[in-house]
2 protein chains.
Amino acid sequence: MNIHPPYLIFLGDVPDALAAKTGLGIVDWRPEWCLGQLRLPGCQADAEIPDLTIAEAKAQGVRTMVIGAVNAGGVLPAHWVSSIVAALQAGMDIASGLHTRLGDIPEIAAAAAGSGGALHDVRHTKERFATGKGTKRAGRRLLTVGTDCSVGKKYTALAMEKAMREAGMNADFRATGQTGVFISGRGAAIDAVVADFISGAVEWISPAADDPDHWDLVEGQGSLFHPSFSGVTLGLLHGAQPDAFIVCHEPTRTTMRGVQHRLPDIRDVIDMTIALGRLTNPAIRCVGLAINTEKLGEAEARAYLKEVSERYGLPASDPVRFGVEPILRFLQASFAF
Amino acid sequence: MNIHPPYLIFLGDVPDALAAKTGLGIVDWRPEWCLGQLRLPGCQADAEIPDLTIAEAKAQGVRTMVIGAVNAGGVLPAHWVSSIVAALQAGMDIASGLHTRLGDIPEIAAAAAGSGGALHDVRHTKERFATGKGTKRAGRRLLTVGTDCSVGKKYTALAMEKAMREAGMNADFRATGQTGVFISGRGAAIDAVVADFISGAVEWISPAADDPDHWDLVEGQGSLFHPSFSGVTLGLLHGAQPDAFIVCHEPTRTTMRGVQHRLPDIRDVIDMTIALGRLTNPAIRCVGLAINTEKLGEAEARAYLKEVSERYGLPASDPVRFGVEPILRFLQASFAF
């Protein structure tokens, strides 16, 4: 799935910023790709980029309108359809992460057939993957893993990409979830792939690099210790064959998201990731801890980071609050030879 | 997916027994369900059950015709369609494990619509699964795991079901692959499920039992150490929450099926299965080794079984050659309290 920027971010008429999380995330990480937003009357979200009509967006060179908002249930509201049809008629492609397939709406299917525009349903990849092979590919890879779901794995991978590029390194974020696919313009929602092809899909997402010093920053999913999603996580680990990984953690959480199981220790996640990951990369190592300290005061956060850094002998930071510099420096030192 | 016996086993005109493996497997394990076979001119496979016409099968009470053969590529040959249409017109359901969806063939779709017969595409489950919850369910569960793919996991689970039933125990085989689904009349091809729902599908396949002493014998898939399929294996382990597991192994194999990776040690598989499996069942334990000794002479096979049994302190047998009695006795002793 290759989604072509620049984008027009469609926010519909959602009632709050949370419902526009996907669109706001794209604007955060790829402001240069987001020429404007399209909001319907009553929209309570604002990405703080220019409001553009479809004609204005087209005139400015937009290639794809991304549905960056979601209503309850993930279905496509009937009153959004005319905007999508108009964008297609103006010559744009459409990309969506909704459960509803764009092509299942007859008016959208007809408009796409008429204009030749592409319909990208990120939750329903049409890509045919091979089964994973597990053979070593050229280039370096870093994977973000976690003690749970929703602890900052995407954010950490993107923050590492940004910091590494600023440091002059050759680095690309590799998306495995829908928002990530919009941010990178490529990738696949790995949890929507047929089970037999998880690692094979990751081998496609993170292919052999031309430059042996190139880094892929692979977005992690789930947790090896999450009873709902562990299969996705292990397939992703084996497919990504990471040289390095960062453990993401939220220290105030006691049970895992959506289930009653307690959070694993950071130690358990490090050890298990190495024990399993060495199958496809015997040199796998942990290069840092990314701690989501949102619920801690600043002094408390700094004390916690110092404590876990000493306990595990690894750099620890909150990528949102304090950046990823300590992790980047350790990574550079660890792979300097 | 509930497939209703009795069955008519359709073998088409396949060139050898290997191409009829699915049908022959069903006849082996469920002879009482298989009233007859339907073979086309030139068929080189024989399940050694009565050859029946569709009219004869219907008269004897057959409810489902199972496509028990496969041609190269897994597609449905055009000259098999008329037999399928005739079976539908006689009032039978059709079950298939081919890649081609039965309903994608217009003649078959029309016949099914006309007769009201069900079309079961085992590779394309229509069942909607929830994500796994990982909470403890009533009843006991045994999972077969392996050092590799295709080392006897289905056979071992079925052999355990048979031996346990003969010993008066309340036990049911639970299918996670297509041949297993035909043998049990229920289940799902777990490798064809969307990645997010692997463990959830297994929770559906092996639901809470009414009888706390009931055993589910869950068919394993893949290996935690296979770079292509490890995600399926871990989701299956967490979903099955087994009290007991049997490690299946083929001692002459050096690399894993389809890839260049060496086979893991039995010890590694035992330790990793416990380390990961304890997330959803802290009491998980290994109760035996099922060794496929097909490529060894009898004396050599017996010596190998004795050696691994002593090395790991576990009963070891070849279920095909020597039966599963030692494993059953150890299981009974281990869960007698």
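On to the overall build of chain A. The helix and strand inventory of chain A stands at 12 helices and 11 strands. A compact globule built from 337 residues should have a C-alpha radius of gyration of about 20 Å, and chain A, at 20 Å, falls within 12% of that. Each principal axis of the C-alpha distribution contributes one length, and for chain A these read about 60 × 45 × 45 Å. Residues counted as buried form 54% of the 337 residues belonging to chain A. Put simply, of all contacts in chain A between residues at least 6 apart along the chain, 74% involve residues at least 24 apart.

Here we take up the domain arrangement of chain A. One frequent convention defines the size of an interface as the accessible area lost when the parts assemble. All names here are of chain A. Its domain assignment divides chain A into domain 1 (7-121) and domain 2 (140-334). Taken over C-alpha atoms, the centre of domain 1 sits 29 Å from the centre of domain 2. Across the contact, 8 residues belong to domain 1 and 5 residues belong to domain 2. Looking at the side of domain 1 that touches domain 2 element by element, the count peaks at 4 residues for helix α1 (residues 21-29). Taken together, the residues that form the side of domain 1 that touches domain 2 break down as 4 nonpolar, 3 polar and 1 charged.

This brings us to the sheet that holds strand β3 (residues 64-67) of chain B. All names here are of chain B. Sheet architecture is open: 5 strands sit in the order β2-β1-β3-β4-β5, paired in parallel fashion. Either end of the sheet is taken by a strand with one partner, and the two such strands are β2 (34-39) and β5 (119-121). Neighbour-to-neighbour, the strand axes of this sheet turn through a mean angle of 20°, independent of strand direction. The sheet contact formed by β3 and strand β4 (residues 93-96) spans 4 bridges and is parallel. If you follow I67 over to β4, its bridge partner there is S96. Strands in contact with helix α1 (residues 21-29) are β1 (7-12), β2 and β3; relative to β1, the strand with the most contacts, it is inclined by about 150°.

This part covers the pairing of strand β2 (residues 34-39) of chain A. All names here are of chain A. By the criterion of burial, β2 is predominantly enclosed, with 5 of the 6 residues buried. Bridge analysis of strand β1 (residues 7-12) against β2 gives 5 bridges, and the strand direction is parallel. Paired with L8 across the strands is G36, a residue of β2. Between the parallel pair β1 and β2, the chain is carried across by α1, and the sense of this crossover is right-handed.

On to the relation of the copies chain A and chain B, then. In the superposition of chain A on chain B (RMSD 0.0 Å, axial shift 0.0 Å), the rotation amounts to 180°. When the rotation and shift are considered jointly, the pair of chain copies conforms to a two-fold rotation axis. Both copies present the same face, since 100% of the interface residues in chain A are matched by interface residues at the equivalent positions in chain B.

Right, let's talk about the interface of chain A and chain B for a bit. Listed as interface residues are 30 residues of chain A and, on the opposing side, 30 residues of chain B. Contributions of two or more residues to the side of chain A that touches chain B are made by α7 (198-205) and α8 (230-240) of chain A. Considering each element in turn, the side of chain A that touches chain B owes the most residues, 6 residues, to α8(A). For the side of chain A that touches chain B, the per-class residue count stands at 13 nonpolar, 14 polar and 3 charged.

Turning next to the sheet that holds strand β8 (residues 215-218) of chain A. Residue and element names in this part refer to chain A. Taken together, 6 strands build an open sheet; the order of strands is β7-β8-β6-β9-β10-β11 and the sheet is parallel. Of all the strands in the sheet, just β7 (171-174) and β11 (316-317) have a single pairing partner and so form its edges. Note: β7 against β8, 4 bridges, orientation parallel. Across the sheet, D172 pairs through a bridge with D216, a residue of β8. Contacts from helix α12 (residues 325-334) reach β9 (244-249), β10 (285-291) and β11, with the element oriented near 175° to β10.

All names here are of chain A. The amide bond that connects P5 to the next residue, P6, takes the cis arrangement and shows omega of 0°. Mapped onto the elements of the fold, P6 is located in the segment before β1. We note that S150 has phi near 50°; this positive angle belongs to a residue other than glycine. With respect to the secondary-structure elements, S150 resides in the loop between β6 (140-146) and α5 (153-166). Using a count of 15 C-beta atoms within 10 Å as the deciding quantity, one classes S150 as partly exposed.

On to the environment of B:E203, then. Locating B:E203 in the fold gives a position in helix α7 (residues 198-205). Remark: the alpha-carbon pair of B:E203 and B:G134, spanning 69 residues in sequence, is separated by 8.2 Å.

In terms of residue burial, α8(A) counts as a mostly covered element, since 11 of its 11 residues are buried. Every buried residue belonging to α8(A) is among A:S230, A:G231, A:V232, A:T233, A:L234, A:G235, A:L236, A:L237, A:H238, A:G239 and A:A240, and all of these are buried. Those residues of α8(A) that are buried are in contact with β6, α7, β8 and α9 (266-277) of chain A together with α7 and α8 (230-240) of chain B. A positive backbone phi angle near 40° is found at A:Q241, which sits one or two residues after α8(A).

We now examine the environment of B:D121. Residues and elements named next belong to chain B. Within the fold, D121 resides in strand β5. When the 23 C-beta atoms within 10 Å are taken as the criterion, D121 is described as buried. Along the backbone, D121 and G235 are 114 residues apart, and their C-alpha atoms lie at a distance of 22 Å. Not counting chain neighbours up to four residues away, the residues in contact with D121 comprise S96, R101 and L102.

Rules used in this analysis
- Residues numbered from 1 in each chain as written.
- Chains lettered and ligands numbered in written order.
- Predicted model: local features only at pLDDT ≥ 70, side-chain atom pairs only at ≥ 80, totals over all residues.
- Helix = DSSP H or I, 4+ residues; strand = E, 2+ residues; numbered from the N terminus.
- Rg over C-alpha atoms; globule rule 2.2 N^0.38 Å.
- Buried ≥ 20, exposed ≤ 12 C-beta atoms within 10 Å, placed from the backbone.
- Contact = placed C-beta atoms within 7 Å.
- Domains from an automatic or database assignment.
- Nonpolar A, V, L, I, M, F, W, Y, C, P; charged D, E, K, R; others polar.
- Pairing = 2+ DSSP bridges.
- Axes fitted to C-alpha atoms, helices over the stretch in contact; angles between N-to-C directions.
- Right-handed = clockwise from strand over helix to strand, strands pointing away.
- Least-squares fit on C-alpha atoms with pLDDT ≥ 70 in both.

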